[in-house]
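Now for the letters of each chain:
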Amino acid sequence: MFVLTLILFILVVYYLKYRRSRKLLYKFSEGLHSTGELPIIGHTHWFIGGPEKLLNNIRSLAERIDDTGSICKVWIGTSLYVVTFNLDDVQLVLESCLEKDSSYKFLRAWLGNGLFVAPVHLWKSHRRLLLPVFNNRVIEDYIEIFGKQGDILVKRLQDRVGKNQFNVYEYVTSCMLDIVFETSMGEKMHVQSNPDTPYLRARKAVMSIINMRLFKAWLQPDVLFNLTRHASSQKENIDATHKFTDEVIMKKKTVYDKFKYNINGSEEEKEGTKDTLQILLEREINFSNIELREHLDSLTIAGNDTTALVISYVLILLGNHPDTQEEVYMELKSIFGNSKRIPTKEDLGKMETLERVIKETMRLYTVVPIIARKTLTELKLSTCTVPAGVGCAIVPFVMHRSKKIWGSDADNFNPDRFLPENCATRHPCAYMPFSIGPRNCIGRHFAFLVMKSIISNILRSFKIISEPCGPLKIEIILFPVCGHLICLERRS
Ligand code: HEM
């Protein structure tokens, strides 16, 4: 009895101390608008359910918040988030609040301090070092690789002509994996001809466990997670992916060292297209092997599924908007005539209709639906000052379909929204598939070039037919529940 009372006493003291340490937070929260909140559990009930229900819940809650016109609070367990749809406030958050929210911590087990998740003090210097590797001139060197891999994709798709509908994402993601591995590490993975390797299986397993953790509250505390079989499976698979990248780095370093100090001892630079790793080695940027691995893993993870998803959504949308598909096809005909050559930088620059189609697709299907940051110092927004240590959630997926911003036809596909005259007066935060501010997507130029190259390659060879996309789900990023189903007809 005495022991029980003592434990109870300790727990009460601990709880009171915990509440006292968060007094400021509770006081701040009391002053905020709320919608959809329940006593004790706050908004946690909105975040329970499978990936489809979850996305619908997030959308409904976000729309309710948008309707209030105020900055609102959302309590998920013990974490407080402010959520705003005021475009000036969104801009303030994304431009001045650069620390990722603690919900990204599950990715840290895998990506360590890679650029995507790095704490802001490290991120600042590492982003500066990595930016030149993503400048337009470097990226444009990869256009030939995009074209060659796109050709392989088209050859693989020939088998599907005139047959039943199929999930085109499976094909596009293999092609994108080949591209991101070749451009980031110089590794020819041949995923398109061999999509089922132990490394890729390990990657898939880690992603699915991290996704599960993100949205299942009971798996979030380490003590509980470590009791499940998922913990050992995650470790085993993360180790396998790390081993793969570590080996590539070691191999490249050895080759680079041999090359750099050739038998005469003179220094030389290797000619030809240079992958990210090679550029980093040549510039003698002092990343440790672990830092190199964390950045390369971040790039291959952030750059693959996102881009493959957008390409697949474009194909679905064009498949059920035949007039727009014909317009894009005519544009490609005017650029390539009957030539089968792969797209050059000049060709990609001429694809203006296709560019508008891609932009409108990323508005309707915002593959990174939520961005979450954490305040490290006070942040003054339009109607409140957010104290340090609070999460700020931005929901581009809902903003991109907001009738207030895009008009009553916000849900309709209309690439003309991106004609220059229609973009001129738009708020910079009305449209932000790549986020905005200093921590926006470092790979956006890469993404645009590769998407144009692959899509144009497919559309020059095939006519796409498809039904509308159907329900969506959130698995870190935005997927259709039934896949990206399309049918193909050969172009004459
Ligand atoms: C259509 C394709 C893509 C979309 C929609 C996209 C979207 C985004 C978004 C929204 C962010 C910010 C996320 C946040 O703040 O939570 C981001 C960050 C990032 N993206 Fe992309 N991305 C795409 C392609 C790529 C590619 C091709 C690469 C690399 C080759 C890449 C590498 C990164 C990296 C490294 C970051 C972290 C940047 C930082 O924190 O400084 N992304 N991306």
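Rules and cut-offs
Residues numbered from 1 in each chain as written. Predicted model: local features only at pLDDT ≥ 70, side-chain atom pairs only at ≥ 80, totals over all residues. UniProt positions renumbered as here; feature names shortened; annotations may be inferred. Helix = DSSP H or I, 4+ residues; strand = E, 2+ residues; numbered from the N terminus. Buried ≥ 20, exposed ≤ 12 C-beta atoms within 10 Å, placed from the backbone. Contact = placed C-beta atoms within 7 Å. Near = placed C-beta within 6 Å. Nonpolar A, V, L, I, M, F, W, Y, C, P; charged D, E, K, R; others polar. Pairing = 2+ DSSP bridges. Axes fitted to C-alpha atoms, helices over the stretch in contact; angles between N-to-C directions. Parallel < 35°, antiparallel > 145°, perpendicular 65-115°, else oblique. Core = buried A, V, L, I, M, F, W, Y, C linked by C-beta atoms within 7 Å.

With that settled, consider the UniProt feature "binding site: heme" (unreviewed entry) in the protein. In the numbering used here, UniProt assigns the "binding site: heme" (unreviewed entry) feature to Cys-441. Among the structural elements, Cys-441 can be located in the loop between α20 (420-423) and α21 (444-461). The partly exposed category is assigned to Cys-441, around which 19 C-beta atoms lie within 10 Å. Residues within four places of Cys-441 in sequence aside, it is in contact with Phe-434 and Ser-435.

Further remarks concern the site of the ligand. Near the ligand lie 22 residues; those nearest to it are Ala-302, Gly-303, Thr-306, Cys-441 and Gly-443. Where the shell around the ligand is concerned, the elements lending two or more residues are α14 (289-319) and α21. The element best represented in the shell around the ligand is α14, accounting for 7 residues. Residues of the shell around the ligand, tallied by class, amount to 14 nonpolar, 6 polar and 2 charged.

For the rest of this paragraph, the subject is the sheet that holds strand β4 (residues 166-167). Across the sheet, which stays open at both edges, the 3 strands sit in the order β4-β12-β9 with antiparallel pairing between neighbours. Looking at the sheet topology across the chains shown, the edges are occupied by β4 and β9 (462-465). In this sheet, strand β12 (residues 485-490) lies alongside β4 in antiparallel orientation, the contact comprising 2 bridges. Paired with Asn-167 across the bridge in β12 is Leu-485.

Running from N to C, α14 and helix α17 (residues 352-364) cross one another at 105°; their axes reach a closest spacing of 9 Å. By the angle between their axes, α14 is roughly perpendicular relative to α17. Residues Val-310, Tyr-313, Val-314, Leu-317 and Leu-318 of α14 form the contact with α17, whose own contacting residues are Val-357, Ile-358, Thr-361 and Met-362. Class assignment for the residues of the contact of α14 with α17 results in 8 nonpolar, 1 polar and no charged.

Quick look at the nonpolar core now. Among the nonpolar cores identified, the biggest contains 118 residues, and Val-172, Val-310, Ile-311, Val-314, Leu-315, Cys-392 and Ile-454 are the most heavily contacted of them. Broken down by element, the residue count for this core peaks at 15 residues, all from α14. Here Leu-315 is in contact with Val-168, Ile-458, Ile-464, His-484 and Ile-486, once residues within four sequence places are set aside.

Bringing the environment of Arg-59 into the picture now. Within the secondary structure layout, Arg-59 lies in helix α3 (residues 51-68). According to the C-beta neighbour criterion, Arg-59 is partly exposed, with 17 such atoms within 10 Å. Each C-alpha atom of the pair Arg-59 and Pro-369 lies 9.8 Å from the other, and the pair is 310 residues apart in sequence.

Take Met-207: it is sitting in helix α10 (residues 198-215). With 12 residues separating them in the primary sequence, Met-207 and Leu-219 have C-alpha atoms 15 Å apart.

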